[in-house]
Amino acid sequence: MCAENFYTSDAYADLHPSYDVEDSAWKAARILTIIARNRVDVARVVDVGCGAGEILRQLQIQLPHDSTFTGYDIAPRAIELANTRSNDRLHFVLGDFTETTDHASLLLCVDVIEHVEDYLGFLKRLVSRANYTIFHIPLEITLSTVLRVKPILAARENVGHLHYFTKETALAALEYSGFQIVDWQYTRIGITHSRHSLRRMIALPVRWVAASLHADLGIRLFGGASLLVLAKGRSL
């Protein structure tokens, strides 16, 4: 099955019927932090690959009342869920954002590029579509995953990840595609997130100590983090 069919059919939705909506408040809180730190214009917020739309709903609660929000997703089941959250300032569209002429003050691309076959081409199509773009990218290439291999293969089979990143390769991909990095931070899912498997709970003390001693090295060794990046197109 090609990558797009994995989402437009019921394959992904059957594996993840909630579209991981339980993670949305956690992700929105981190997005709000980087927005506030950089005083980003949020007049029009667009989420590419919005899933169930809960991140946008959470942002709408916290951001100014004159902001508008639109979510795009190619998965019909995702948009069905998202439409239950729509209101006069929050709308959802079934379709590919890159095939529209829509433009945003702030574009969100949260846990998306690792799913896209031609992710560099996808990034190049996004670079002129917003004043600022926030990316959230899992960092799945670590010493632990390379040695064990199984976690990488599981990410491909269970959630459709086609590409795997370190901090350095993620930032390099964005810059290669024309984005200028404005700010970035780690989001340490393995340490701060409330939803853990037993295996993750066992690994938490090691990740906590490693990240406390040296964040970059600890994450390269043991993982448990994603990268949150604020970027803008070089032409802006």
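To start, this report covers the structure provided alongside it.

What counts as what
Residues numbered from 1 in each chain as written. Predicted model: local features only at pLDDT ≥ 70, side-chain atom pairs only at ≥ 80, totals over all residues. Heavy atoms only, no water. Phe/Tyr/Trp six-rings, centres within 6.5 Å; stacked < 30°, edge-to-face > 60°. Buried < 20%, exposed > 50% of the residue type's maximum accessible area, 1.4 Å probe, protein only. Lys NZ or Arg CZ within 6 Å of the ring centre and 35° of its normal. 1 Å grid on protein atoms, 1.4 Å probe; cavity = no way out; pocket = protein on both sides within 12 Å on 5 of 7 lines; lining within 4 Å. Points joined across faces, edges and corners; volume = space filled by probe spheres on them. Helix = DSSP H or I, 4+ residues; strand = E, 2+ residues; numbered from the N terminus. Nonpolar A, V, L, I, M, F, W, Y, C, P; charged D, E, K, R; others polar.

Structural notes on the packing of aromatic side chains
A full pass over the atoms with the stated rule returns 8 aromatic pairs. Look at Y7 and Y12: their rings are 5.4 Å apart centre to centre, the planes differ by 50°, and that puts the pair in the tilted class. The exposure class assigned to Y7 is buried, which follows from its relative accessible area of 13%. For Y12, a relative accessible area of 10% translates into the label buried. Ring plane angle 45° and centroid distance 5.4 Å describe the contact between Y12 and Y19, whose orientation is recorded as tilted. Like Y12, the residue Y19 is buried in the burial classification. A connected cluster of aromatic rings, assembled from ring pairs, spans F6, Y7, Y12 and Y19. The ring of F97 carries the charged tip of R129 above its face, separated from the ring centre by 4.3 Å.

Some words on empty space enclosed by the protein
Taken as a whole, this structure holds 2 cavities of 30 Å³ or more when the rule is applied. In this structure, the largest cavity encloses a volume near 60 Å³. Lining the largest cavity are L139, I141, T166, K167, E168, Y186, D216, I219 and R220. Going through the elements one at a time, helix 9 (167–176) and helix 12 (215–222) are the ones with two or more residues in the lining of the largest cavity. Ranked by the residues each element gives to the lining of the largest cavity, the list is headed by helix 12, at 3 residues. Along the lines of polarity and charge, the residues of the lining of the largest cavity split into 4 nonpolar, 1 polar and 4 charged.

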